[in-house]
Amino acid sequence: MRITKYEHAAVTIDDNSARLVIDPGSPLASLTDFTGVAAVVVTHAHADHCSPSNLQRIAELNPEVPIYAPAGVATTVPGVNVVTVSPGDVVSHGGFTLEFFGGEHAVIHESVPVPVNVGVLVNGEFYYPGDSYALPGDHDVVVLAAPIGAPWLKIGEAMDFVLDVAPQYCFGTHDMTLSPVGHAMHHERLGWATQQGGGQYIPLAVGESIDL
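Values in this document were obtained by computation on a predicted structure and should not be read as measured data.

### Some words on the overall build of the protein chain
And step 1. Within the protein chain, the secondary structure is distributed over four helices and 14 strands.
And step 2. Here the C-alpha atoms of the protein chain give a radius of gyration of 16 Å, agreeing with the 17 Å that 2.2 N^0.38 yields for 212 residues.
And step 3. Seen along its three principal axes, the alpha-carbon backbone of the protein chain occupies a region of about 45 × 45 × 35 Å.
And step 4. By the burial criterion, 53% of the 212 residues in the protein chain qualify as buried.
And step 5. Counted over contacts in the protein chain with a minimum sequence separation of 6, partners at least 24 positions apart contribute 57%.

### Some details on the nonpolar core
And step 1. Membership of the largest hydrophobic core comes to 28 residues, with the highest contact counts inside it found for Ile13, Leu20, Ile22, Leu98, Phe100, Phe126 and Phe171.
And step 2. Those elements giving two or more residues to this core turn out to be strand E2 (11-15), strand E3 (18-22), strand E4 (37-41), strand E8 (96-102), strand E9 (118-122), strand E10 (126-128) and strand E11 (143-147).
And step 3. Leu20 has contacts with Val11, Thr12, Ile13, Ala39, Val40, Val41, Phe96, Leu98 and Val122, leaving out every residue within four places of it along the chain.
And step 4. Counting 23 residues, the second largest nonpolar core, distinct from the first, contains Ala158, Val162, Val165 and Ala193.

### A word on helix H1 (residues 52-61)
And step 1. Within H1, burial applies to Asn54, Leu55, Ile58 and Ala59. In an axial view of H1, the angular spread of the buried residues amounts to 135°, which keeps them on one side of the axis.
And step 2. Against the buried residues of H1 lie E4 and strand E5 (67-69).

### Re unusual backbone geometry
And step 1. Of the consecutive residues Ser26 and Pro27, the connecting peptide bond is found in the cis state with omega at 5°.
And step 2. Structurally, Pro27 can be placed in the loop between E3 and E4.
And step 3. Positive phi, close to 55°, is recorded for Asn16, a residue that is not glycine.
And step 4. Its place among the elements puts Asn16 in the loop between E2 and E3.
And step 5. On the basis of relative accessible area, Asn16 is assigned to the exposed category, the value being 73%.
And step 6. Within the chain, Ser17 stands out as a residue other than glycine whose phi angle is a positive 70°.
And step 7. Secondary-structure assignment places Ser17 in the loop between E2 and E3.
And step 8. Ser17 sits in the exposed class, given a relative accessible area of 81%.

### Some details on the sheet that holds E5
And step 1. Taken in spatial order, the seven strands make up an open sheet running E6-E5-E4-E3-E2-E1-E14, and their pairing is mixed. In this open sheet, the two edge strands, each paired with only one partner strand, are strand E6 (82-84) and strand E14 (209-211). Strand-to-strand twist in this sheet, taken as the mean axis angle between neighbours without regard to direction, amounts to 20°.
And step 2. Pairing between E3 and E4: four bridges, direction parallel. The residue bridging Leu20 from the neighbouring strand is Ala39, located in E4.

Conventions we followed
- Residues numbered from 1 in each chain as written.
- Predicted model: local features only at pLDDT ≥ 70, side-chain atom pairs only at ≥ 80, totals over all residues.
- Heavy atoms only, no water.
- Helix = DSSP H or I, 4+ residues; strand = E, 2+ residues; numbered from the N terminus.
- Rg over C-alpha atoms; globule rule 2.2 N^0.38 Å.
- Buried < 20%, exposed > 50% of the residue type's maximum accessible area, 1.4 Å probe, protein only.
- Contact = heavy atoms within 4.5 Å.
- Core = buried A, V, L, I, M, F, W, Y, C linked by side-chain atoms within 4.5 Å.
- Arc of directions from axis to C-beta.
- Pairing = 2+ DSSP bridges.
- Axes fitted to C-alpha atoms, helices over the stretch in contact; angles between N-to-C directions.

Listed below in structure tokens is the structure:
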């Protein structure tokens, strides 16, 4: 299984010639080939995770592809095959088993509505929480994509999230709100948190991958 990071919150998982795309939001410049997509997961309806143009392009090139997402995404992206999922759901498609957790986006401010958000565990190994600190139950996570920069994020809370999950490997995502200095600082903090559980932190750049 190959896990590849793209701009901001976008991730792909390639396994046995099948591809899963997670949160192809905006901006997304380096992922341009949307052919051969078996399934898509959208964690919530915010534009940096859910780009209607990207999802419509994926649907055009892969007419049968299911887009698994919480309620609200279907109205945001009309004309695509959105399959509504909720925390506790488990679905299998295209060689991928997807288990969903959480339920709410982290709070930005009391004036900002809180959308539904789902974290997803892929094949029992890779966990992506979306915009939340929702934990993946009692699963032993091999690779964790941990958010490192956001209007709702405090780095100490992100560190606690990594400490709680205790993955074997971790990399940072949701990072385009950070300066180069912020990147370096937050990578260092999450690296420390990953090491406390005996894991390894890998500061992936856009287009870089982890192979399992």
